[in-house]
Every structure is written in C-alpha cells, then in structure tokens.
Amino acid sequence: TLYHFLGEWDRARELASRHLAVEPNAAPLLKELVWLEYELGESEQGEAYLKRMQEVMRRTPPRPGPEYADTSLVSHFTSRITGSTEYLEIAGQAARVVLSSPLANPFWIEIVRTGLALKAVDTKDSALAQEQYIALTGLPGKTRGAFICADRLMGLLSKTMGNLDQAAAHFEDALAFCHKEGFRPELAWTCHDYADTLVQRNDPRGHAQAISLLDEAWLISSELGMRPLMEWVAARQDRMASLPPTPPAY
C-alpha cells in the first residue's frame, strides 16, 4: 500500500502478488491489486481480481471483516472510475452486512463508509454525502481505508454537498499532505478534484489556479501511466478551453 501511494507500481504489484501466493483469498491483498490495476487503466486484470474478491465474499458467512468491507470499498471505487453501475448492488449488500452488525469495529466501518462516500460523490447524492461526512469527521489518520487521502475525500464530499469553500479548504490540506509525503498519485487526483471545484466556484481568481492544477495533474498522471486520470484531466482541460474568457475584475 505504501508503494502504491508513492506511485511505485511494480514494487507494489510484486509485494502484493508474493503475499497473495501465500494467502490466495486474502481480501486486503486483492483490494490492493484491484485498486492498482484500475488506477493504471488495466481494467481487464482489475476486474479479474474484483470478481475473485466477490467470490471470496460469497463463500464467507456474513460478518464485519475484510471479505465484506474491502469488497464494498473497491466495488464502489470501480464504479466511480469506470462509470459503470454493474457492481453497485453487491457493494451495497456488502456495506449493509458490516454496518448492521453489532460486532463491526471502527476499522471496518471506516472502510465501508469510505466506499459509500465515493458512491455519494459519483451519484451526486448530497444527503448520502452529508451522512458520510459526519461519520468520517474527526477520525484519526490522514488516509481513509488505507486507500485515499482523508482530506481529498472530505473535499469531494463537501463539493457534493454544495459547500465549495469548505471543499477548497480540504483540498488545500490534501495538497500539503501529499506534497509532504511524496504521495504523487493522490497528489495528481487532488489537483484534478481541486481544479474542478475552483471552476465550479466561478471565481475569476481561481481560473488560473485551476489551469495550473490541471497541468500538474496531467504531468504526474502521464509520468506514472495513470490512464483513467489522464482522460479525466484531458476532458476537464477541453471543457475549460471552451469556456468564454473571464472578464477582468475591474
């Protein structure tokens, strides 16, 4: 997971695969590989790992553990990054198993709510976003589910709720954290998401900053081979280029 956050894909894949050779049905390792392959646009391989996770979940009695929590999270992530709703039903079923159990500890609940937060953002569900924002507020740590920068996730939820100033503050914190730790993939995603928020705020002063953020997102994602994000950034750049010129402030 650490190598994934650093963008060292080959090392992350090697270590996860070595561990998986020892524990073929380990949901946390399968989650890592699903996340990694979809991050790089290797959807066929990512889907193979995801279906393997779902099969492991089906063979596991309902309980608040990685088989259900991790499957819910990456199924929601897959839906968001591909735009497909194919896995939303099984993601929801897995989430309900964890959240309805009196034995669910905060670790598994955080993982599930991270997935539900991604669903809220993807479906633009303001009420669901607010529910996850409240639930995730105040939790320790700077990542959620060992999967996403906490402040980036809170920024996305704030944007979905329509609170763009709050979103911008979270994205600023996410940028600072990712720069400090050298987490380049998360930095690239944060640049994209923050730029999108600045455009939505329609603040003339934020237009130039949004362009700069998208340039940084493109540079990092192209260097690291993050094809889905490259497509998202290119689409946003095209939309910005088609906007009418920003009138002068005075």
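One can find the structure itself at the top, above this paragraph.
The structure presented is a predicted model; accordingly, all values stated were derived computationally and were not measured.

Examining the pattern of salt bridges
The tally for this structure, following the rule as stated, stands at 20 salt bridges. Across the pair E47 and K51 runs a salt bridge whose closest N-O atoms are separated by 3.9 Å. Taken as a pair, E47 and K51 lie in helix α4 (residues 43-58) at a separation of four residues, close to a single helical turn. Bridged by salt links that share partners, the residues D10, R13 and E37 form one connected network.

Re the packing of aromatic side chains
Counting across every chain of the model gives eight aromatic pairs. Between the aromatic rings of F107 and W108, the centroid separation amounts to 4.8 Å while the plane-to-plane angle is 70°, which identifies the pairing as edge-to-face. Judged by relative accessible area, which is 49%, F107 ranks as partly exposed. Judged by relative accessible area, W108 falls into the buried class, the value being 16%. Look at F177 and F183: their rings are 5.7 Å apart centre to centre, the planes differ by 80°, and that puts the pair in the edge-to-face class. The exposure class assigned to F183 is buried, which follows from its relative accessible area of 10%. Chaining the aromatic ring pairs together yields one cluster made of F5, W35, F77, F147, F177 and F183.

Remarks on the packing of helix α8 (residues 126-136) against helix α9 (residues 150-161)
At a minimum axis separation of 8 Å, α8 and α9 run at an interaxial angle of 145°. Remark: the crossing between α8 and α9 carries left-handed chirality. On the side of α8, the interface is formed by S126, A129, Q130, Q132, Y133 and L136, while α9 contributes L153, M154, L157, S158, T160 and M161. Across the contact of α8 with α9, the residue classes break down as seven nonpolar, five polar and no charged.

So, how was this worked out
- Residues numbered from 1 in each chain as written.
- Predicted model: local features only at pLDDT ≥ 70, side-chain atom pairs only at ≥ 80, totals over all residues.
- Heavy atoms only, no water.
- Salt bridge = Lys/Arg side-chain N within 4 Å of Asp/Glu carboxyl O.
- Helix = DSSP H or I, 4+ residues; strand = E, 2+ residues; numbered from the N terminus.
- Phe/Tyr/Trp six-rings, centres within 6.5 Å; stacked < 30°, edge-to-face > 60°.
- Buried < 20%, exposed > 50% of the residue type's maximum accessible area, 1.4 Å probe, protein only.
- Axes fitted to C-alpha atoms, helices over the stretch in contact; angles between N-to-C directions.
- Left-handed = near helix turned anticlockwise from the far one by under 90°.
- Contact = heavy atoms within 4.5 Å.
- Nonpolar A, V, L, I, M, F, W, Y, C, P; charged D, E, K, R; others polar.

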